[in-house]
Amino acid sequence: MSDITYTDEEPIDVDQFVDLLKRSGLAERRPVDERPRIASMVLNADILMTAWDGNALIGIARSVTDFAYCCYLSDLAVDERYQRQGVGESLIEATKGRLASGCSLILLSAPAAESYYPTKGFEQHQSAWVQKVPAR
């Protein structure tokens, strides 16, 4: 494996984010054709932990949080060429490092990743609810 660098101090742009979503397989579950929405997702993240192989963005953990009680890990995307090498786990751990003790890390899993999260210490919660705001 290459020498991967993890940081929350390297800004990314919309094109980099969309490209990574496509390379990770997550693009089918994200609004990649809605540039203003994607831009807002990048701009308004509380934690944007990234993984780099040299100058190449190869992973991201994008979270919304109050840093004390709960953190919603909205996107965990790793370039398919780097999957199963510990990049996702390192991004999760780096994200947790930004949170207060006792803070809960919460996520909704893509169907293809449902078996991944229990191996990383996540417990399935049976009473999560989701409601989308209707179009205006």
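Residues numbered from 1 in each chain as written. Predicted model: local features only at pLDDT ≥ 70, side-chain atom pairs only at ≥ 80, totals over all residues. Heavy atoms only, no water.

Draft legend 1. Fine view of helix α2 (residues 35-43). By the burial criterion, the buried members of α2 are I38, M41 and V42. For α2, the angular spread of the buried residues around the axis is 95 degrees, confining them to a single face. The outward face of α2, more than 90 degrees from its buried face, is lined by the exposed residues P36 and L43. For α2, the elements touching its buried residues are α1 (14-24), β2 (47-53), β3 (56-65) and β4 (70-78). (Buried < 20%, exposed > 50% of the residue type's maximum accessible area, 1.4 Å probe, protein only. Helix = DSSP H or I, 4+ residues; strand = E, 2+ residues; numbered from the N terminus. Arc of directions from axis to C-beta. Contact = heavy atoms within 4.5 Å.)

Draft legend 2. Examining the layout of surface pockets more closely. Approximately 820 Å³ is the volume found for the largest pocket. L107, F122, E123, Q124 and H125 are the residues nearest the centre of the largest pocket, which is lined by 22 residues in total. Listing elements by their share of the lining of the largest pocket, those giving two or more residues are α3 (87-96) and β5 (104-106). At 3 residues, the largest contribution of residues to the lining of the largest pocket is made by β5. Its residues assigned to classes, the lining of the largest pocket comprises 12 nonpolar, 6 polar and 4 charged. (1 Å grid on protein atoms, 1.4 Å probe; cavity = no way out; pocket = protein on both sides within 12 Å on 5 of 7 lines; lining within 4 Å. Points joined across faces, edges and corners; volume = space filled by probe spheres on them. Nonpolar A, V, L, I, M, F, W, Y, C, P; charged D, E, K, R; others polar.)

Draft legend 3. Structural context of a nonpolar patch on the surface. On the surface, V64, Y72, I106, L108 and V130 cluster together into a nonpolar patch covering about 440 Å² of accessible area. As for its position among the elements, I106 is in strand β5. (Patch = residues over 30% accessible without salt bridge, like charges linked within 9 Å, V, L, I, M, F, W, Y side chains within 5 Å. Areas by Shrake-Rupley, 256 points an atom, 1.4 Å probe, with all protein chains shown as cover. Salt bridge = Lys/Arg side-chain N within 4 Å of Asp/Glu carboxyl O.)

Draft legend 4. Quick peek at the pairing of β3. β3 sits mainly inside the fold: 8 of its 10 residues count as buried. Pairing analysis gives 7 bridges linking β2 to β3, with the strands arranged antiparallel. In the sheet register, D53 faces β3, and the bridge partner there is A56. As consecutive antiparallel partners, β2 and β3 are separated by 2 residues, and within that stretch G54 has a phi angle of approximately 65 degrees, a positive value. Taken together, the 7 bridges between β3 and β4 define a ladder with antiparallel strand orientation. Across the sheet, G59 pairs through a bridge with V78, a residue of β4. In this antiparallel pair of consecutive strands, β3 and β4, the connection spans 4 residues, and F67 shows a positive phi of 70 degrees. (Pairing = 2+ DSSP bridges.)

Draft legend 5. View of the environment of N44. Of note, N44 is situated in the loop between α2 and β2. Considered as a pair, N44 and E80 are 36 residues apart in the sequence and their alpha carbons are 26 Å apart. One polar contact links N44 to S40, side chain to side chain, over a distance of 2.9 Å. (Polar contact = N/O pair within 3.5 Å; in protein donor to acceptor, adjacent residues only side chain to side chain.)

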